[in-house]
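Take a look at the letters that make up each chain.
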Amino acid sequence: MKFSKTFTAEPEHIDVMGHVNNAVWVQWVQDMATAHWEAVADPVHAAEFVWLVVRHEIDYRGNITEGESVTGETWIPGPAKGAQSGRRVNFRNAEGKIIVSALTNWAMLHRETQRLARIRPEVIAPFLLEQE
């Protein structure tokens, strides 16, 4: 399933170029992943596991300035591999154009032991896009 969230550029998000700083986009990618997990995960799974970023790959095709908003959309594009799962995040401007696109990899850990945990199908299933 896809998950959406809107972000508005505040003064502290703006860099010397007059638009949202790249570090802010990375934070928004993480905010999207966290919000999606909190909104959809089974409470038992949310209590047992945490996620850490392994890799971010981000393409910047545009930007926004102070006061402008983007809508982020995220989903898990395919099955997990061991303790890792990929995630796609796209940010669209007011015209609907994708201006920032990220493919990220996350590792799932047991909250208590902080050790890697194999991602079981029932943990990832609520986040996967249904195949048409």
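Okay, so let's go over this structure.

The rules behind the values
Residues numbered from 1 in each chain as written. Predicted model: local features only at pLDDT ≥ 70, side-chain atom pairs only at ≥ 80, totals over all residues. Heavy atoms only, no water. Helix = DSSP H or I, 4+ residues; strand = E, 2+ residues; numbered from the N terminus. Rg over C-alpha atoms; globule rule 2.2 N^0.38 Å. Buried < 20%, exposed > 50% of the residue type's maximum accessible area, 1.4 Å probe, protein only. Contact = heavy atoms within 4.5 Å. Salt bridge = Lys/Arg side-chain N within 4 Å of Asp/Glu carboxyl O. Pairing = 2+ DSSP bridges. Axes fitted to C-alpha atoms, helices over the stretch in contact; angles between N-to-C directions.

Some points on the overall build of the chain
For step 1, the next point in the chain: The helix and strand inventory of the chain stands at three helices and five strands.
For step 2, the next point in the chain: Order of helices (α) and strands (β) in the chain, N terminus to C terminus: β-α-α-β-β-β-β-α.
For step 3, the next point in the chain: Here the chain has a C-alpha radius of gyration of 16 Å; the compact-globule value for 132 residues is 14 Å, and the two agree.
For step 4, the next point in the chain: Projected onto its principal axes, the C-alpha positions of the chain cover 45 × 35 × 25 Å.
For step 5, the next point in the chain: Here the chain holds 132 residues, and the buried ones make up 37% of them.

A few points about the environment of Phe127
For step 1, the next point in the chain: Its place among the elements puts Phe127 in the segment after α3 (121–124).
For step 2, the next point in the chain: Setting aside residues no more than four positions away along its own chain, Phe127 makes contact with Met1, His36, Trp37, Val40, Ala41 and Ile76.

Comments concerning the pattern of salt bridges
For step 1, the next point in the chain: Under the counting rule described, the total for this entry stands at four salt bridges.
For step 2, the next point in the chain: Residues Glu73 and Lys2 are paired through a salt bridge, measuring 3.8 Å at the closest nitrogen-oxygen approach. Pair noted here: Glu73 is in strand β3 (residues 69–75) and Lys2 is in the segment before β1 (3–8), with a separation of 71 residues, a long-range link.
For step 3, the next point in the chain: Judged by its relative accessible area of 41%, Lys2 falls in the partly exposed class.
For step 4, the next point in the chain: The salt bridge partner of Asp59 is Arg61, with a shortest N-O separation of 3.9 Å.
For step 5, the next point in the chain: When its relative accessible area of 38% is taken as the criterion, Asp59 is described as partly exposed.
For step 6, the next point in the chain: According to the relative accessible area criterion, Arg61 is partly exposed, its value standing at 47%.

As for the pairing of strand β4 (residues 84–92)
Along any regular strand the residues' side chains alternate between the sheet's two faces.
For step 1, the next point in the chain: Bridge count for β3 against β4 is five bridges, and the pairing is antiparallel. Note on β4: the bridge partner recorded for Thr74 is Val89.
For step 2, the next point in the chain: Pairing of β4 with strand β5 (residues 98–110), which is carried by nine bridges, proceeds in the antiparallel orientation. Following the sheet pairing, Ser85 is matched in β5 by Trp106.
For step 3, the next point in the chain: In sequence, β4 turns back onto β5 through a hairpin of five residues, with Gly96 there showing a positive phi of about 90°.

Examining the sheet that holds β3
The pairing of strands in a sheet happens through backbone hydrogen bonds and is either parallel or antiparallel.
For step 1, the next point in the chain: If you trace the five strands from one edge of the open sheet to the other, you get β1-β3-β4-β5-β2, paired in antiparallel fashion. Here the strands that pair on one side only, and so sit at the sheet edges, are β1 and β2 (49–60). Within the sheet, the average angular offset between the axes of one strand and its neighbour, ignoring direction, is 25°.
For step 2, the next point in the chain: Sitting on the sheet, helix α1 (residues 22–40) touches β1, β2, β3, β4 and β5, and the angle it makes with β1 is about 140°.

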